[in-house]
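Results of the structural survey
Now for the letters of each chain:
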Amino acid sequence: MTPSVTETLTSGLARCDEESWRDFHRLYFAKLHAWVAARGVAGSDAAEAVQGVYLRVLRHAKVFRRERDFEAWLGCLARCEALDCLRRVRRRSWLGERFQQWQESRRDVSGGGDGGLDEALGALSGAERALLVRHYVEGWSQEELACEQGVSVKAVESKLARVRKRLRQSMTSPGFIHPS
């Protein structure tokens, strides 16, 4: 019995066959792009989300006999990647807005400054503060931060997540004094 087109394609993907990956891209990029966009990923972020799906396919490649099973699996991967992408955007937006408010208030000499973010940042260690400032204010990428610190990108990503969480908890805790 000859293998199906889907079985041939997916076994090639599992073997990291370059031609199979080209075929996969040609056949599925537009569909995956539409799926992540339908899940709320902005057009400017959709191609990056599709690349994330490709990485998930690469990491978890398996052989499928039927196209509908393969597409169901891809749909699941696209849904997960879209959710991850939306979470990243929300985190960047929240922290970016806070830093922007903080920078504007520091420039506003007559207003006395915004002690809110200063106070929350003061609760962090110097290394944690520097990490946030470099990434969110100075625009360093996670790759650049990882290279500077001699750690993996995943380690930087995890550290940023922990520091953001602590900062957010500090700023939203009932005892936190919000400046007027």
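As the structure is a computational prediction, the values presented were derived from the model and not from experiment.

Remarks on the overall build of the chain
- Regarding its fold elements, the chain presents 8 helices and 0 strands.
- N-terminal to C-terminal, the α/β element order of the chain is α-α-α-α-α-α-α-α.
- Across the 180 residues of the chain, 32% fall into the buried class.
- Sequence-distant contacts, at least 24 apart, represent 60% of the contacts inside the chain between residues at least 6 apart.

Points about the pattern of salt bridges
- Inspection of the entire model under this criterion finds 10 salt bridges.
- Across the pair Asp-84 and Arg-56 runs a salt bridge whose closest N-O atoms are separated by 2.4 Å. One end of the pair, Asp-84, is in helix 4 (residues 67-107); the other, Arg-56, is in helix 3 (residues 43-59), with 28 residues separating them in the sequence.
- Taken together, the shared-partner salt bridges in this structure form one network comprising Arg-56, Glu-81 and Asp-84.

Some thoughts on the nonpolar core
- Residues Phe-24, Leu-32, Val-36, Val-57, Phe-70 and Leu-74 are the most contacted members of the largest nonpolar core, which totals 22 residues.
- Here this core takes 7 residues from helix 4, the largest share from any one element.
- With 13 residues, the next largest nonpolar core counts Leu-121, Tyr-136, Val-156 and Met-171 among its residues.

Topic: the environment of Ala-78
- Assignment of secondary structure puts Ala-78 in helix 4.
- Considered as a pair, Ala-78 and Arg-56 are 22 residues apart in the sequence and their alpha carbons are 9.1 Å apart.

Considering helix 6 (residues 126-137)
- End to end, helix 6 covers 15 Å across 12 residues, agreeing with the expected 16 Å (1.5 Å per residue, within 8%).
- Burial in helix 6 covers these residues: Glu-128, Leu-131, Leu-132, His-135 and Tyr-136. The buried side chains of helix 6 occupy one side of the element, clustering within an arc of 95° when seen end-on.
- Looking one or two residues past helix 6, Gly-139 carries a phi angle of roughly 80°, positive in sign.

Here's the deal with the packing of aromatic side chains
- A full pass over the atoms with the stated rule returns 9 aromatic pairs.
- Of the aromatic side chains, those joined through ring pairs into one cluster are Trp-21, Phe-24, Tyr-28, Tyr-54, Phe-64, Phe-70 and Trp-73.

Examining the confidence of the model for the chain
- Of all residues in the chain, 79% attain a pLDDT of 70 or more, and the chain-wide mean is 81.
- Element-level pLDDT for the chain is lowest in helix 5 (residues 115-122), with a mean of 68, against a maximum mean of 95 in helix 1 (residues 5-14).
- Here residues 109-114 is modelled with pLDDT under 50, and outside its nearest four sequence neighbours on either side it reaches 5 contacts, counting other chains as well.

Quick word on the environment of Gly-43
- Along the chain, the position of Gly-43 falls in helix 3.
- Residue classification places Gly-43 among the exposed residues on the basis of a relative accessible area of 57%.
- For the pair Gly-43 and His-33, spaced 10 residues apart in sequence, the C-alpha separation works out to 8.7 Å.

Conventions and cut-offs
Residues numbered from 1 in each chain as written. Predicted model: local features only at pLDDT ≥ 70, side-chain atom pairs only at ≥ 80, totals over all residues. Heavy atoms only, no water. Helix = DSSP H or I, 4+ residues; strand = E, 2+ residues; numbered from the N terminus. Buried < 20%, exposed > 50% of the residue type's maximum accessible area, 1.4 Å probe, protein only. Contact = heavy atoms within 4.5 Å. Salt bridge = Lys/Arg side-chain N within 4 Å of Asp/Glu carboxyl O. Core = buried A, V, L, I, M, F, W, Y, C linked by side-chain atoms within 4.5 Å. Expected span 1.5 Å × (residues − 1). Arc of directions from axis to C-beta. Phe/Tyr/Trp six-rings, centres within 6.5 Å; stacked < 30°, edge-to-face > 60°. pLDDT = per-residue confidence, 0-100.

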